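Below are the chains, spelled out letter by letter.
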Amino acid sequence: MGKTPLASAISLAEWCCGEMGTKILYGSNDYDQADLLYMATDAMREASPKLARCTRRNQKGIFFGNLKQKNRTGKFTSQNKGSIRKLSARTSAKEGRNIKIGVVDEVHEMKDDSFIMPIRQALSTQDEPLYIEITTDGFTEGGYLDERLKMAASVLNGELDKSNFLIFWYTQDTEEEIWQDEKSWYKSNPGLGVIKKWSFLRGMVEDAKISASTRAFVLAKDFNLRQNNAAAWLTERVVANDATFEPEMLRGQYYIGGIDLSETTDLTAATALFVNPWTLQKYALSMYFIPETKADALLTNDKQLNPEKKNYREWARQGLVKICAGRMGVLESDFTLKRLNYRNNEITKWNLQNTALKLNNLGMKMPVKISQSKNRIDGTLALIIAYATVSRYMSEYNYLQRDVCQPIER
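What you are looking at is a predicted structure, and each value in this text was computed from that prediction instead of being measured. (Residues numbered from 1 in each chain as written. Predicted model: local features only at pLDDT ≥ 70, side-chain atom pairs only at ≥ 80, totals over all residues. Heavy atoms only, no water.)

**Quick look at the packing of helix H7 (residues 198–210) against helix H8 (residues 212–221)**
H8 packs onto H7 with a crossing angle of 135° between their chain directions and a minimal axis gap of 6 Å. Of the possible angle classes, the one that applies to H7 and H8 is oblique. Relative to H8, the crossing made by H7 is left-handed. Where H7 approaches H8, its residues Met204, Asp207, Ala208 and Ile210 are matched on the opposing element by Ala212, Thr214, Arg215 and Val218. Across the contact of H7 with H8, the residue classes break down as five nonpolar, one polar and two charged. (Axes fitted to C-alpha atoms, helices over the stretch in contact; angles between N-to-C directions. Helix = DSSP H or I, 4+ residues; strand = E, 2+ residues; numbered from the N terminus. Parallel < 35°, antiparallel > 145°, perpendicular 65-115°, else oblique. Left-handed = near helix turned anticlockwise from the far one by under 90°. Contact = heavy atoms within 4.5 Å. Nonpolar A, V, L, I, M, F, W, Y, C, P; charged D, E, K, R; others polar.)

**A word on the nonpolar core**
With 22 residues, the main nonpolar core has Leu273, Leu331, Phe335, Leu340 and Leu383 as its most contacted residues. In terms of residue count, the dominant contributor to this core is helix H14 (residues 378–392) (five residues). (Core = buried A, V, L, I, M, F, W, Y, C linked by side-chain atoms within 4.5 Å. Buried < 20%, exposed > 50% of the residue type's maximum accessible area, 1.4 Å probe, protein only.)

**Section: the packing of aromatic side chains**
For any two aromatic rings, the description comes down to two numbers: the centre-to-centre distance and the angle of the planes. Counted according to the given criterion, the structure contains ten aromatic pairs. Their ring planes at 80° and their centres at 5.5 Å tell us that Tyr186 and Trp198 sit as a pair that is edge-to-face. One end of the pair, Tyr186, is in the loop between helix H6 (176–180) and H7; the other, Trp198, is in helix H7, and twelve residues separate them in sequence. Ring geometry for Phe245 versus Tyr283: centroids 5.1 Å apart, planes at 75°, classification edge-to-face. Here the residue Phe245 occupies a position in the loop between helix H9 (236–239) and strand S8 (256–260), and Tyr283 occupies one in strand S10 (residues 282–291), the gap between them amounting to 38 residues. The two residues Phe245 and Tyr283 agree in class, both being buried. (Phe/Tyr/Trp six-rings, centres within 6.5 Å; stacked < 30°, edge-to-face > 60°.)

**Here's the deal with the sheet that holds strand S6 (residues 130–134)**
For sheets, the rule is that strands pair by backbone hydrogen bonds, running either parallel or antiparallel. Pairing is mixed across the open sheet formed by six strands, whose spatial order is S2-S3-S4-S1-S5-S6. Each edge of the open sheet carries a strand with a single partner, namely strand S2 (55–57) and S6. With strand direction ignored, the average angle separating the axes of adjacent strands in the sheet is 20°. Inspection of the sheet shows strand S3 (residues 62–64) paired to strand S4 (residues 83–88) by two bridges, in the antiparallel sense. The partner of Phe63 across the bridge, within S4, is Ser83. The sheet strands contacting helix H2 (residues 31–47) are strand S1 (23–28), S2, S3, S4, strand S5 (101–105) and S6, and the helix crosses S4 at an angle near 160°. (Pairing = 2+ DSSP bridges.)

**Considerations on the pattern of salt bridges**
One pass over the structure, following the stated rule, counts 16 salt bridges. Arg226 is the salt-bridge partner of Asp137, the closest N and O atoms lying 2.6 Å from each other. Remark: Arg226 occurs in the loop between H8 and strand S7 (231–232) and Asp137 occurs in the loop between S6 and helix H5 (144–156); sequence separation between them is 89 residues. Judged by relative accessible area, Asp137 falls into the buried class, the value being 7%. When the shortest N-O distance is used, the salt bridge between Lys196 and Asp222 registers 2.8 Å. You can see Lys196 sitting in the loop between H6 and H7 and its partner Asp222 sitting in the loop between H8 and S7, a full 26 residues away along the chain. Overall, the relative accessible area of 8% leaves Asp222 in the buried class. Salt bridges sharing common partners tie together Asp42, Arg45, Glu46 and Arg57. (Salt bridge = Lys/Arg side-chain N within 4 Å of Asp/Glu carboxyl O.)

This is how it looks when you write it as structure tokens:
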């Protein structure tokens, strides 16, 4: 059973089997969304011949009593003033209600608790009220759901004691497992194969591999992984490139440099971008710099200094990072065509996979991190800067490179 039918079934059971006068309110961002809960409950009501005879529905809600049997008395007659109604966040008057059960759907779209609190306050007069929130994940950064998930995580981790808080949280552990193991999909889709078709989800995942916007939607709605309002940029499949080269082959050539500096303990990235004017093949040499305190934070389990939990000391032994004491579009195409050789640099690959695109109202792209602040994108920024500079001075650069870069005979 999905979350909407489950919440509807619980509500209807309480309405029928609970005390007289039980009032239930379904709320969401708009009436269409709230109507999903309402209509699911009504369908269950009509599926029971006995309930259908002693209840009725009109434009205002669902009520007890059959108007054709006016003289009857008791719980299942019009004497019972219980009701089931729906409410939209766009409705101006939300206060002054007295309910026994409140259910709010799709809370991920809410920026704050201004719609939630009047509903929760309406439960204050009840001895045993029931309040339910159901939602997928979404794209609202810093919204109401973020705070609720933080609280839920604290309860599940034993850091916070809330005995009246029952949590059902279905999500993936990582994005990578979605692409690598479809059996892991049960984590976020416990009804897979019963409620949701395997063929449908497989199709959505395949579409997500080639479309950034589809990927963001699928990760949020089908796998309950938080997405910010930017679409993830490059997939692991697109970034993957095992090709490498010897830096010595570039000796004497001209390059364009890109650098992303850090203020404190962040990762600093520097990239030298070479372009062969004859083949247009591009080569990137990247080096990363990290403070010693951050590099050693993994050894001391300092989560504040190294929340990404990356072993910079090991990368330093591989020559990928130096430990210090105390434009996109052209670039995306080159990744797709495997025209950029970055020596299969592990840190560069990690940075690229952490990068998302955010669009402004003019359609201009800006690189941002994918959801979590612990992810690093400094290497991506250095590459973008280098690409933008190459694009700006391509004619001058090619003129100089032709003297030192030999054409390849075919």
